[in-house]
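# Chains, contacts and geometry: an overview
Chain by chain, the residues:
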Amino acid sequence: MKGLLIAAALVLAGCSTQATMPMAQQSWHDFGYQQAMDGMAKQINATLDVDQSTYGEYSDGYELGRSEFCQQDAFHLGLIGHRYQGICASDPAFHDEYQEGLWWDDGASLD
């Protein structure tokens with residue numbers, strides 16, 4: 001029983017961590033893009049521990065992904081439970097529609 005609890009804790013801990021490095025065959029640009037498309041917050045240079053040029057690649061990819069992510073249907077993203085860490089802060093309606101999607105229940109409204 002104790003081993004099962006430890007295993008469960010390790011699985012949950014693994015689910016809560018944010019990826020900090022790209023996959024072996026992935027560029028830093030693509031890594032940033034994918035993080036944004038996954039709804040994840042942008043990492044700072046100190047977290048990634050890379051040189052300024054590499055961080056620039058990551059940042060450019062992230063901003064491209066963020067722009068595309070924020071053009072999606074926020075209600076639908078919430079409805080399917082897609083991750084969203086506030087990356088569309090320049091559009092307050094996005095957050096509200098995302099939250100409505102999260103809480104939607106057979107036509108119930110938050111109004």
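For the protein chain, an unreviewed UniProt entry supplies the name DUF2799 domain-containing protein and the organism Vibrio olivae.

It is worth spelling out the overall build of the protein chain at this point. Looking only at helices and strands, the protein chain has six helices and zero strands in total. Listing the helices and strands of the protein chain from first to last along the sequence gives α-α-α-α-α-α. Here the protein chain holds 111 residues, and 28% of them are scored as buried. Long-range pairs, those at least 24 residues apart, make up 46% of the contacts in the protein chain with a sequence separation of at least 6. A total of about 7,300 Å² of accessible surface is found on the protein chain, and carbon and sulfur atoms cover 57% of it.

Counted by the stated rule, this structure contains one disulfide. Shown here is the disulfide that connects C70 with C88, its sulfur atoms set 2.0 Å apart. Looking down the S-S bond of the C70 and C88 bridge, the torsion is -95°, so its handedness is left-handed. Linking C70 in the loop between helix 4 (52-69) and helix 5 (74-79) with C88 in the loop between helix 5 and helix 6 (92-103), this pair joins segments that are 18 residues apart in sequence. C88 carries the same exposure label as C70, and that label is buried.

Below, the discussion takes up a nonpolar patch on the surface. Among the surface-exposed residues, L79, I80 and W104 lie close enough to one another that they form a single nonpolar patch of about 290 Å² accessible area. Within the fold, I80 resides in the loop between helix 5 and helix 6.

Under the defined criterion, the tally for this structure stands at nine aromatic pairs. Aromatic side chains F31 and Y58 sit 5.9 Å apart centroid to centroid with 40° between the ring planes, which places their arrangement in the tilted category. Of this pair, F31 sits in helix 2 (residues 28-37) while Y58 sits in helix 4, and the two are 27 residues apart along the sequence. Ring geometry for Y55 and Y58: centres 5.7 Å apart, planes at 40°, overall tilted.

Looking now at a negative patch on the surface. Taken together, the side chains of D73, D91, D96 and E97 define an acidic patch exposed on the protein surface. When you line up the elements, D96 lands in helix 6. The class for D96 is exposed, based on a relative accessible area of 51%.

Before going further, it helps to spend a moment on the nonpolar core. Membership of the largest hydrophobic core comes to 18 residues, with the highest contact counts inside it found for L48, Y58, F69, Y84, I87, C88 and F94. Elements supplying a minimum of two residues to this core: helix 2, helix 4, helix 5 and helix 6. Excluding anything up to four places from it in sequence, I87 contacts A36, G39, M40, A41, Y62, R66, F69 and C70.

About the thresholds
Residues numbered from 1 in each chain as written. Predicted model: local features only at pLDDT ≥ 70, side-chain atom pairs only at ≥ 80, totals over all residues. Heavy atoms only, no water. Helix = DSSP H or I, 4+ residues; strand = E, 2+ residues; numbered from the N terminus. Buried < 20%, exposed > 50% of the residue type's maximum accessible area, 1.4 Å probe, protein only. Contact = heavy atoms within 4.5 Å. Areas by Shrake-Rupley, 256 points an atom, 1.4 Å probe, with all protein chains shown as cover. Disulfide = S-S within 2.5 Å. Patch = residues over 30% accessible without salt bridge, like charges linked within 9 Å, V, L, I, M, F, W, Y side chains within 5 Å. Salt bridge = Lys/Arg side-chain N within 4 Å of Asp/Glu carboxyl O. Phe/Tyr/Trp six-rings, centres within 6.5 Å; stacked < 30°, edge-to-face > 60°. Lys, Arg positive; Asp, Glu negative; His and termini not counted. Charge placed at Lys NZ, Arg CZ, Asp CG, Glu CD. Core = buried A, V, L, I, M, F, W, Y, C linked by side-chain atoms within 4.5 Å.

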